[in-house]
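One-letter residues, chain by chain:
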Amino acid sequence: MTPNTKYSTDPAFALTLDREDPLQRFRNSFIIPEQEDGTPQIYLCGNSLGLQPTAASDYVRQELDDWAELGVEGHFRARHPWMRYHESLAESSAAIVGAHPDEIVVMNTLTVNLHLMMVSFYRPTRERYKIIIEEKAFPSDQYAVASQAQFHGYDPADAIVEIPMDEHGRFSTEHVLETIDRHADDTALLLLGGVNYYNGQLFDVEEITRHARAASITVGIDLAHAAGNVPLKLHDWGVDFAAWCSYKYLNSGPGSTAGCFVHQRHATNASLPRFAGWWGHDKSTRFDMPDRFTPIPGAEGWQLSNPAILPMATLRASLDLFMDAGMAALRRKSELLTGYLEYLLLHGENDSWNIITPSEPEQRGCQLSLRISSGGKQLFDHLGRSGVICDWREPDVIRIAPVPLYNSFTDVHRFAELFHQYFTDHA
Ligand SMILES: *Cc1c(COP(=O)(O)O)cnc(C)c1O
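All of these numbers come straight from a predicted model, not from anything done at the bench.

Each value, and the rule that gives it
- Residues numbered from 1 in each chain as written.
- Predicted model: local features only at pLDDT ≥ 70, side-chain atom pairs only at ≥ 80, totals over all residues.
- Heavy atoms only, no water.
- Pairing = 2+ DSSP bridges.
- Helix = DSSP H or I, 4+ residues; strand = E, 2+ residues; numbered from the N terminus.
- Axes fitted to C-alpha atoms, helices over the stretch in contact; angles between N-to-C directions.
- Contact = heavy atoms within 4.5 Å.
- Polar contact = N/O pair within 3.5 Å; in protein donor to acceptor, adjacent residues only side chain to side chain.
- Near = heavy atom within 4 Å.
- Areas by Shrake-Rupley, 256 points an atom, 1.4 Å probe, with all protein chains shown as cover.
- Patch = residues over 30% accessible without salt bridge, like charges linked within 9 Å, V, L, I, M, F, W, Y side chains within 5 Å.
- Salt bridge = Lys/Arg side-chain N within 4 Å of Asp/Glu carboxyl O.
- Core = buried A, V, L, I, M, F, W, Y, C linked by side-chain atoms within 4.5 Å.
- Buried < 20%, exposed > 50% of the residue type's maximum accessible area, 1.4 Å probe, protein only.
- Domains from an automatic or database assignment.
- Expected span 1.5 Å × (residues − 1).
- Buried area = accessible area lost by both parts, 1.4 Å probe.
- Nonpolar A, V, L, I, M, F, W, Y, C, P; charged D, E, K, R; others polar.
- Parallel < 35°, antiparallel > 145°, perpendicular 65-115°, else oblique.
- Left-handed = near helix turned anticlockwise from the far one by under 90°.

Caption draft 1: Representation of the sheet that holds strand β14 (residues 391-393). The antiparallel open sheet is built from four strands, whose spatial order is β11-β12-β15-β14. In the strand order of this sheet, the two ends are held by β11 (353-355) and β14, each with one partner. Adjacent strand axes in the sheet meet at a mean angle of 30°, parallel and antiparallel pairs treated alike. Seen against the sheet, helix α12 (residues 327-346) touches β11, β12 (368-372) and β15 (397-400) and runs at an angle of roughly 20° to β12.

So, in structure tokens, the structure goes:
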């Protein structure tokens, strides 16, 4: 079975694909929310909040038990000692984003990490002070870059440069490179969403990073919609830093602990400014409580506080599933699953809506964004009443994300049927 499999609209075909799916068993490793009648929801919203791994409560329970039994001793004697708890998460996260474990740290939340990274990597000078970001980036990223520019005394209206969206709602690599060229002499930082949250487009991070770095521009990538969704090679691509939340495709639960990448080339750069805290200090002398801060080489040196173990326990439950499934196999299924969704959607009436996500598999992750020309919100509400969980983005977009870890081909088929039925009924 390859992404070139000839699809069919026959519902039996969905069952065949499910039967032949080598990752099918992972669906049982998640709790699928139910509709009122007890049937599982058609949950296509893992781009917003990933589902709960069935093992998550056991992982949390383990830490609560160790805390109850061991108190403070749990830092060293817990089954998974809290002192080093985050290190195993760095290893599995590194495999997911294509990095070395010492380039990764799991800490804080996404926007906090973006700010900490910009403290070190947005270093404006009189000549170079601009930040390039894509048009209509996720609001938190817009606020973060604008406030960083202001913090350094610049007017965001001048300091923030936006990469324009084309008339199809996409960003061509050409446009991105052109924008970089136009501002090559006065830009300090490029901050890009690896996968754009709105249109689901996967950027050519490798090409864009090469281009920006050749112009001496620092490159940061927001992987909120990319981590656990698409294959990444942050180290090889030479990205300077990256940050991501873990509650979307990484299924760690609402607001759980985020991830951060700092390229090895910055591991021991003592000239980088940073906001420091005791957990980023050299582990061998941390508890001597020295007056002077000596950062741990690598990403861990950006830690501030001792980490929250309970949200990391749910993350560990999910990352263990990722390690078991493997990103390569997940990507294979993802291309097949999203390709199937696209095929079924395009097989029906499509005068009143279009897909704004690129049709090339290498330019997208699992999400398809559907622009509905009119009455989109009514359609969305109808889908909700029919047991579909997806999401609505003003003014006219429905985002559908079939996730290869827990969504089935049958989920996709049922969704497509409900979608087309609505247009038939409202023709
Ligand atoms: C989801 C998302 C966020 C959310 O930020 P938090 O700090 O986790 O609340 C930020 N940026 C992007 C691009 C996102 O997709």
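Caption draft 2: Structural context of the side chain of H281. Residue placement: H281 occurs in the loop between β10 (259-262) and α11 (309-325). Within polar-contact distance, the side chain of H281 engages the side chain of T285 at 2.8 Å. With sequence-adjacent residues up to four places away left out, H281 is seen in contact with R286, P290, R292, F293, T294 and I296.

Caption draft 3: Quick peek at the site of the ligand. The ligand sits among L110, T111, F138, D141, D222, A224, H225, C245, Y247 and K248. Within the side chain of T111, an N or O atom sits 2.6 Å from an oxygen atom of the ligand. Here an oxygen atom of the ligand and a side-chain polar atom of Y247 are 2.5 Å apart. Protein burial of the ligand: of its 390 Å² of free accessible surface, 82% is covered by the chains.

Caption draft 4: Inspection of a nonpolar patch on the surface at higher detail. Together, W278, F287 and M289 make up an exposed nonpolar region whose accessible area comes to about 330 Å². Counting through the fold element by element, W278 comes out in the loop between β10 and α11.

Caption draft 5: Main features of the nonpolar core. Ranked by size, the top nonpolar core spans 73 residues in total, and within it V97, I180, L190, L223, W244 and L405 carry the most contacts. Top contributing element to this core by residue count: α11, with nine residues. When residues of this core are sorted by domain, at least three fall in each of domain 1 (11-31 + 326-425) and domain 2 (60-322). Among residues more than four places away in sequence, those in contact with V97 are I104, L223, A227, L232, K233, L234 and W244. In this structure, Y7, W353, I355 and C390 belong to the second largest nonpolar core, which totals 32 residues.

Caption draft 6: Highlighting α12. With 20 residues, α12 extends 28 Å between its outermost C-alpha atoms, agreeing within 8% with the 28 Å of an ideal straight helix rising 1.5 Å per residue. For α12, the tally of buried residues reaches 15 of 20 residues, placing the bulk of the element in the interior.

Caption draft 7: Structural view of the domain arrangement of the protein. By the assigned domains, the protein splits into domain 1 (11-31 + 326-425) and domain 2 (60-322). In this structure, domain 1 and domain 2 have C-alpha centres spaced 29 Å apart. With 29 residues of domain 1 at the contact, the number on the domain 2 side is 18 residues. Counting the surface lost from both domain 1 and domain 2, the interface buries some 2000 Å², and carbon and sulfur atoms represent 57% of this. Inspection of the domain 1/domain 2 interface yields zero salt bridges. Elements with a minimum of two residues in the side of domain 1 that touches domain 2: α12, β12 and β15. Take the side of domain 1 that touches domain 2: its biggest share by element is three residues, from α12. In terms of residue class, the side of domain 1 that touches domain 2 is made up of 14 nonpolar, seven polar and eight charged.

Caption draft 8: Broad picture of the packing of helix α13 (residues 376-385) against helix α14 (residues 409-425). Two numbers describe how α13 lies on α14: the axes approach to 10 Å, and their chain directions differ by 130°. With respect to α14, the element α13 is oriented oblique. Every pair of crossing elements has a handedness; the one defined by α13 and α14 is right-handed. Here Q378, L379, H382 and L383 of α13 come into contact with α14, specifically with F415, L418, F419, Y422 and F423.

Caption draft 9: Focus on the sheet that holds strand β8 (residues 218-222). Reading across from one edge, β4-β10-β9-β8-β7-β5-β6 is the order of the seven strands in this open sheet, with mixed pairing throughout. Each edge of the sheet is formed by a strand with only one pairing partner; in this case those strands are β4 (104-106) and β6 (160-163). Between one strand and the next, the sheet's axes are offset by a mean angle of 20°, whatever the strand orientation. Pairing of strand β5 (residues 130-134) with β6 involves four bridges; the strand directions are parallel.

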